[in-house]
Amino acid sequence: MAFTFAAFCYMLSLVLCAALIFFAIWHIIAFDELRTDFKNPIDQCNPAHTRERVRNIERICYLLRRLVLPEYSIHGLFCIMFLCAQEWLTLGLNSPLMFYHLWRFFRSPADSSELHYDPVTVMNADTLNYCQKEAWCKLAFYLLSFFYYLYCYISKMSTA
Amino acid sequence: MAKPFGYGYPALQPGYQNTPSPQAHSNLLSSNVGPSGFQQSIQPYSNTDQLSASLGGLSLHQSQQPEGLRPVNLIQDRNILPHAPVTPVVPNLNPQMKKLNCNPDLFRCTLTNIPQTQGLLNKAKLPLGLLLHPFRDLTQLPVITSSTIVRCRSCRTYINPFVSFLDQKRWKCNICYRVNDVPEEFMYNPLTRSYGEPHKRPEVQNATVEFIASSDYMLRPPQPAVYLFILDVSHNAVESGYLNTFSQSLLETLDKLPGDSRTKIGFVTFDSTVHFYNLQEGLSQPQMLIVSDIDDVFLPTPDSLLVNLHESRELITDLLKALPNMFCSTRETHSALGPALQASFKLLSPTGGRMSVFQTQLPSLGAGLLHSREDPNQRSSTKGIQHLGPATDFYKKLALDCSGQQIAVDLFLLSSQYSDLASIACISKYSAGCIYYYPSFHHIHNVSQTERLQKDLKRYLTRKIGFEAVMRIRCTRGLSIHTFHGNFFVRSTDLLALANINPDSGYAVQMSVDESLADTSLACFQAALLYTSSKGERRIRVHTLCLPVVHSLADVYAGADVQAITCLLASMGVDRSVTASLSDARDALVNAAIDSLSAYRSTVSNLQQSALIAPHSLRLFPLYILALLKQKAFRTGTSTRLDERVFDMCEMKCQPVAHLMRLIHPSLYRIDRLSDEASIHVNDKVVPQPPLQQLSSEKLTRDGAFLMDCGVVLYLWVGKNCKEAFISEVLGYPNYAALPMKLTQLPELDNPLSEKTRAFVSWLRENRCLYPVLHVIKDEAPAKTEFFQHLIEDRMDSGLSYYEFLLHIQQQITK
C-alpha cells in the first residue's frame, strides 16, 4: 500500500465530493420549493401566508447565493490538486466543468443574472427550469465522479 | 326533440373574413383607388413600372387576403399614420365570440393569432405576451353574488364564456380540458328566472365579471382601509411649498377617501428625526412625538398613531391646517427617509394598508442613505449610461417586507436635484406601489407642477383601491408564462402578490409555447384578481380572453397588434438596460424591427429588392420603434437627467397600453381650423375630431396652431403668423405679440370657435386618470424644446429621422 500524494488527493476529493453531492441535492430541493407555493389554492389567497412565502423565498435565495462560491472553489481545488498530482485523466474529466463554472461566473448576463439569485427576479419560469436542469446534471456528474475517485483511490492505494 | 344545448365550441373558422375589417382607417383611400377588381386601394406610384412590380408581388388570392396582411411600401408611402386614432386589433373569431370577448382595453395580446408551435413563434421574430389593465374603472361590471362560484376542479379556472357545455349537466374547461359537473344551483338563472339553461347565466355571458367571494376565500377578516402619509419636512421641502398643496387636497377629499366606518389614517413627518402625531379622540389638539434615535426607531406609543378617520376627524383637520406652517422656520437640511420608512412599516405591520411617501431630496441620514451618483457631464453621452440600477438593497428588502405585510408604498418625488430615483423607486416597485415624479417642483417658480400635483392628488386620494390582492393568470394547456412586468412581487411562477391594486396600473407578461397547440383551434387566457375592496368585501375580478390558433407565418403577421408589441418591447428594453446596458437595449429594439420585417419578407414572394415592405398590421412598427428610441428612457446624445430617465423607465413598465402609447407617440392635431366634419356627439355636445398629423416639423406651419397630446401634458403651439381671429377668439388676446410666455388655461369665451376648441380639449382630458396640464407655447417659450423633442420624425441629436431610419432598416434587411 503506497500512500502517495495522488492517493491523498483522491482521499481528500472523496470527502469533498460528498459535500458537493450534498450541495447539488440541496439545490434541487431549493428550486423545487421555489417553484411550488402552498398547495391549497385557498391558502394562497390567505394574506397571512404571504409573509411566510416572502421570507421563504428570501431565505432560499440567500442560501443559494452563499453556496455558489464554496462549490466553485471546491471544484477549483480539485483541479489544482490533480494538476499537482499529475493525474491527467482525472484532470481532463474535470476541466469541462471548470470551464463551465468560469463561464457562469464571469459572463455578463444578457437576460437574467441567474447567479445573483435576487428574490424579486428569481421567480422566472425560464430561469428556474434552467437552474433545475443544471442542478440535476451536476448531481449526476458529482455522483459519477465520487465513484470514480473511489475506484482511483483504491487502485492507487493497492499499487505498490 | 332535445334542444341543442347552447354552447358548444364554434365551428372552425374558414380562412378569413371576406369583408375588410372595420378599421380600414388608412388614408390610402379616396384619391388613389385602383382598378375596381381589387378590394384594396393602390398606393401612389410615380410610374407604371413600379405599379406592376408591386401588383406582381401581391398574392393571387387577393380577395381572400386579410386586411392585416396587405403589403405596404414604407419608403414610398409617406403618410402611413391614419387620420383617426389606431384602434386595437380585433381577433378573427366568429361574430358571437367577438361580442363576448374581453374588451381590448382590459386584456390584449401582442399576437391576436397565436402561433401553434414555438418554432413558428421564433420564425415570426415578434414577442408573444399579454398586456393587462385588470382594475380599470369600468362603467358596466356584472357583479355576481351567488353562493357557489363554479370553478374547474383541476386547474381552478373560473367558468367563462368560452367553456363548452357537453350537455346540461357537464361542462368542459377551456384551459385544461377537464370535464366538470354543473352544480345544481347553477342551473337556475336568477336574471331570467329560468331553469335548465346554464349557458345563459351572467358568468357565461360576460368575459369580465366580478364575484363576491364567500368566506372560503378569507382566512383573516378583511382588512379596513388604512392610509399613512409620510411627509418630508426638511428646509428644502418647506421651501418648495408642497405641504400647502398636500394639506389642501387632503382636506378637500377627506370625506371621499375610499373606505367605510373602519377607515384609519395616520401621519408621520421626518427631517433628521422622525415625528409621530398622537391623534387620539378626546385630545384637544394633535400631539407631536419626536423620535431622534434614528438608528433604532421605535414607536413612541402603541396605538393612537393610526386613528379611526371618523372618530378623530377634528384633530385630523386641525393637524392638516397647521401642517404647512409648523415647519416654517426649520433649519434642518437632512432627510432620514430610511428610518421614517422603517418606523412606518412597524406602524402598519399589524393591518397592512397604503403608505404615501413625499420626498424632496436625496436621503442623507440613517439607514438607506444615498450618495449622489450622477455626473452632469455624462448626461448626453452616447456611450454607457451608468447607475440605472439601485445603489443599495435597503429599499428592495424593505419593499419585500412591506409586501409580506400587505403594505404598498407609493412614492411622490418632488425634487429639483438628483435624488437617486433608481434606488428609491425600488420601495414602490416590489410592494405594488406607484411612482409620481415632479421635477423642479416649486410653488412659485413652477406653478404648472403645482397644478399637476393638485390634480394628481385629487385622483390619487379618491380613486378606487383594492387591498391584500393576488393575481393569477392562467393559459390554455401548452402555453406558459415566464416573465412578468409591472409593480408587484412574483410569489410563484404564476401568482403575483399585490399589496394594493389601483385602477391606473398596467401589467405585462411574456409567454412561450411549450407544447404544440395543434389539437385546439382556440387559446384562452384568464386573469383572476382576488382583492379586498375598501368596504371590506372580498371580491374576485375575472377577465377572459379567447384567441384563435394559426399554423402559418402569414397568419401570425395578419393578427399582430403593433401597439401591444411596442409596449411589451418597451418593458423588455427597460429590463435589458438595467441588467446589461442601454446600448444593448437600443440595439435589441432596432433588431426587433429589422428581424420581424425581414421574416415577413420571406413570406411574400416576388418582391422588388429596393422596397421596404411591411404588412398592414405592422406598418407603424418602425415609427413606434423610432419613437421609443427617442424617449427619455432610451435616448442618448441629448442631455437627459438621470432621474428623469429612470422615471421614464418606471413608467414604461407600469403604465397600461393606452396611456403608454400616448407617451411614446403623442397625437398632433391642427386646431385653428376645426370643422364639424366627422365630429362626434358626446353628452349633447358636438366634439370635433380633427385628423391626426404626423410628428414632423414639416407638418407645422407658421400660420396655424397645433395641439399635441402627450398623455400627461398638452402643448398648444401657436405659429407666428397665426390668424388673429384664432388668437382673440380662443386664447383671449388681441394678437400674437400680446400672448404671455406662460399661459395654461383656455379662457371661456362665448364664440363658436372657442366652444369647439374647449369641447375638444375637455374630451381629450376625459377618460384619463392623470389630468394633463395645458401649456400654450409661442416661439422662444421654455417649453418649446420639449414640444420639438416630441416631433420624432425629424432628425435630432438623439437619432435619425424617420426616413433615414427606414433606409437603415432596409439596408440591414437586404444585407
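## Regarding the interface of chain A and chain B
Between chain A and chain B, the contact holds 28 residues from the first and 32 residues from the second. Regarding the contact of chain A and chain B, the summed buried area is about 2,700 Å², with carbon and sulfur atoms giving 55% of it. At the junction of chain A and chain B, the tally comes to two salt bridges. A salt bridge links B:K396 to A:D118, with the shortest nitrogen-to-oxygen separation between them at 2.8 Å. At the junction of chain A with chain B, the criterion picks out nine residue pairs in polar contact (both at pLDDT 80 or more). Top element by residues in the side of chain A that touches chain B is helix α3 (residues 47-84) of chain A. It accounts for eight residues. In the side of chain A that touches chain B, the residues fall into 14 nonpolar, four polar and 10 charged.

## Digging into the environment of B:N92
Mapped onto the elements, B:N92 comes out in the loop between β1 (71-73) and α2 (95-100). Between the C-alpha atoms of B:N92 and B:R151, which are 59 residues apart in sequence, the distance is 27 Å.

## Here we look at the sheet that holds strand β6 (residues 164-167) of chain B
Residues and elements named next belong to chain B. Pairing within the open sheet is antiparallel, and its three strands lie in the order β6-β7-β8. Two strands bound the open sheet, and with one partner strand each, they are β6 and β8 (179-181). Within the sheet, the average angular offset between the axes of one strand and its neighbour, ignoring direction, is 35°. Two strands pair when backbone bridges link them, and β6 and strand β7 (residues 170-172) are joined in this way by three bridges, in the antiparallel orientation. The residue of β7 that forms the bridge with S164 is K172.

## Focus: the sheet that holds strand β4 (residues 129-132) of chain B
All names here are of chain B. The strand order across the open sheet formed by four strands is β2-β4-β24-β21, and the pairing between neighbours is antiparallel. On the outer flanks of this sheet lie β2 (107-109) and β21 (479-485), each paired with one strand and no other. Averaged over neighbouring strand pairs, the angle between their axes works out to 25° when direction is ignored.

## With respect to the packing of helix α4 (residues 88-106) of chain A against helix α5 (residues 125-158) of chain A
Residues and elements named next belong to chain A. Close contact between α4 and α5 brings their axes to 12 Å; oriented N to C, the two are set at 160°. Overall, the two elements α4 and α5 adopt an arrangement that is roughly antiparallel. Every pair of crossing elements has a handedness; the one defined by α4 and α5 is left-handed. Only Y130, C131, E134, K138, F141, Y142, Y148 and Y149 of α5 make contact with α4, whose side of the interface consists of L89, T90, L93, N94, L97, Y100, H101, W103 and R104.

## A look at the packing of aromatic side chains
All names here are of chain B. For the structure on display, the rule yields 38 aromatic pairs over all chains. For the ring pair Y242 and F358, a centre distance of 5.7 Å and an interplane angle of 10° mean the geometry is stacked. With a gap of 116 residues between them, Y242 in helix α6 (residues 242-253) and F358 in strand β17 (residues 353-359) connect regions that are remote in the sequence. Side by side, Y242 and F358 carry an identical accessibility label, which is buried. Here Y669 and F760 contribute two aromatic rings whose centre-to-centre distance is 5.0 Å and whose plane-to-plane angle is 85°, an arrangement assigned as edge-to-face. Highlighted residues: Y669 in strand β28 (residues 667-670) and F760 in helix α20 (residues 752-765), separated in sequence by 91 residues. A relative accessible area of 6% places Y669 in the buried class.

## Describing a nonpolar patch on the surface
Residues and elements named next belong to chain A. Taken together, the side chains of F3, F5, F8, M11 and L12 define a hydrophobic patch exposed on the protein surface, amounting to about 440 Å² of accessible area. Mapped onto the elements, F8 comes out in helix α1 (residues 5-35). By relative accessible area, F8 is classed as partly exposed at 34%.

## So, the state of the cysteines
Evaluation of the coordinates by the stated rule reveals zero disulfides over all chains. The structure places no disulfide on A:C79, whose sulfur is separated from the nearest cysteine sulfur, that of A:C84, by 11 Å. Accessibility expressed as a relative area gives 5% for A:C79, which makes it buried. The thiol sulfur of B:C654 is not disulfide-bonded, and the nearest other cysteine sulfur, from B:C650, lies at 7.1 Å.

## Description of the confidence of the model for chain B
The share of residues in chain B with pLDDT of 70 or more is 91%, and the mean pLDDT across the chain is 86. When the criterion is pLDDT under 50, residues 1-63 of chain B qualifies, and its contacts beyond four places in sequence or with other chains add up to 89 contacts.

## Some words on the environment of B:P224
Residue and element names in this part refer to chain B. On the secondary structure map, P224 appears in the loop between β11 (208-212) and β12 (226-232). Taking relative accessible area as the criterion, P224 reaches 13% and is therefore assigned buried. Taking C-alpha positions, P224 is 43 Å from P548, a pair spaced 324 residues apart along the chain.

## Points about a negative patch on the surface
Together, A:D126, B:D514, B:E515 and B:D519 make up a negatively charged patch on the protein surface. Note that B:E515 resides in the loop between β24 (507-513) and β25 (522-533).

## Points about the nonpolar core
Residue and element names in this part refer to chain B. If you look at the biggest cluster of nonpolar residues, it comprises 186 residues, and the most contacted ones within it are I114, M355 and F525. For this core, the element with the highest residue contribution is helix α15 (residues 582-601), accounting for nine residues. In this structure, F525 is in contact with F107, I114, L130, R474, C475, L479, M511, H543, T544, L545 and L547, ignoring residues within four places of it in sequence. One finds V238, L254, L309 and F412 within the second-largest nonpolar core, a separate group that totals 39 residues.

## Notes on unusual backbone geometry
Residues and elements named next belong to chain B. Of note, the phi angle at A432 is positive, near 65°, even though the residue is not glycine. Following the sequence through the fold, A432 ends up in the loop between α11 (426-429) and β19 (435-437). Residue classification places A432 among the buried residues on the basis of a relative accessible area of 4%. Residues other than glycine seldom take positive phi values, yet E468 does so here, at roughly 35°. Assignment of secondary structure puts E468 in strand β20 (residues 466-475). Judged by its relative accessible area of 3%, E468 falls in the buried class.

## Considering the pattern of salt bridges
In total, this model carries 32 salt bridges over all chains according to the counting rule given. With its nearest N and O atoms 2.8 Å apart, the salt bridge here joins B:E210 to B:R541. Remark: B:R541 occurs in strand β26 (residues 538-550) and B:E210 occurs in strand β11; sequence separation between them is 331 residues. Under the relative-accessibility criterion, B:R541 is labelled buried at 3%. Among the salt bridges present, the one from B:D393 reaches B:K396, with a minimum N-O distance of 4.0 Å. What makes B:K396 buried here is its relative accessible area of 12%. Among the ionic contacts, a cluster of salt bridges with common partners joins A:E71, A:R104, A:E134 and A:K138.

Rules used in this analysis
By convention here, each chain's residues receive numbers from 1 onward along its written sequence. As they are written, the chains are lettered A onward and the ligands numbered 1 onward, keeping that order. Confidence filtering applies because this is a predicted model: local features only for residues at pLDDT of at least 70, side-chain atom pairs given and counted only at 80 or more, and all residues used for totals across whole chains, interfaces and linings. Derived side-chain values reflect all non-hydrogen atoms in the structure, with water molecules and hydrogen atoms excluded from consideration. A contact between two residues is defined here by any heavy atoms of the two lying within 4.5 Å. Once two parts are put together, the accessible area they lose, assessed with a 1.4 Å probe and summed over both, is termed the buried area. A side-chain nitrogen of Lys or Arg and a carboxyl oxygen of Asp or Glu constitute a salt bridge if their distance falls within 4 Å. By the criterion applied in these results, polar contacts are pairs of N or O atoms within 3.5 Å in which, for protein atoms, one can donate a hydrogen and the other can accept it, and in which residues neighboring in sequence qualify only through two side-chain atoms. Every helix listed is a DSSP run of H or I at least four residues long, and every strand listed is a run of E at least two residues long, numbered separately from the N terminus. Ten residue types, Ala, Val, Leu, Ile, Met, Phe, Trp, Tyr, Cys and Pro, are classed as nonpolar, four, Asp, Glu, Lys and Arg, as charged, and the remainder, Gly among them, as polar. Two strands are said to pair when DSSP picks up at least two bridges between them. Every angle, taken between N-to-C directions, lies between 0 and 180 degrees, and every axis is a line fitted to C-alpha atoms, over only the stretch in contact when it is a helix. Under this scheme an angle from 65 to 115 degrees is roughly perpendicular, one under 35 degrees roughly parallel, and one over 145 degrees roughly antiparallel; angles in between are oblique. In this scheme the crossing of two helices becomes right-handed for a clockwise turn of the near helix relative to the far one and left-handed for an anticlockwise turn of less than a right angle. Think of it this way: a Phe, Tyr or Trp ring, Trp meaning its six-membered ring, pairs with another when their centres are within 6.5 Å, and the plane angle makes it stacked under 30 degrees, edge-to-face over 60, tilted otherwise. Exposure is judged per residue with a 1.4 Å probe applied to protein chains only, and the accessible area is read against the type maximum: over 50% gives exposed, under 20% gives buried, and values in between give partly exposed. To count toward a patch, a residue needs a relative accessible area above 30% and no salt bridge. Like charges then connect within 9 Å, nonpolar side chains (Val, Leu, Ile, Met, Phe, Trp, Tyr) within 5 Å. Method for areas: the Shrake-Rupley scheme with a 1.4 Å probe, in which residue coverage is limited to the protein chains shown. Here, the term disulfide refers to a pair of cysteine sulfur atoms separated by no more than 2.5 Å. Looking at any residue, its pLDDT shows the predictor's confidence there, from 0 to 100. We count Lys and Arg on the positive side and Asp and Glu on the negative side, and we leave His and both chain ends out. Charge placement uses NZ in Lys and CZ in Arg. For Asp and Glu, CG and CD serve respectively. To qualify as a nonpolar core, a set must consist of buried Ala, Val, Leu, Ile, Met, Phe, Trp, Tyr and Cys residues joined through side-chain atoms within 4.5 Å.

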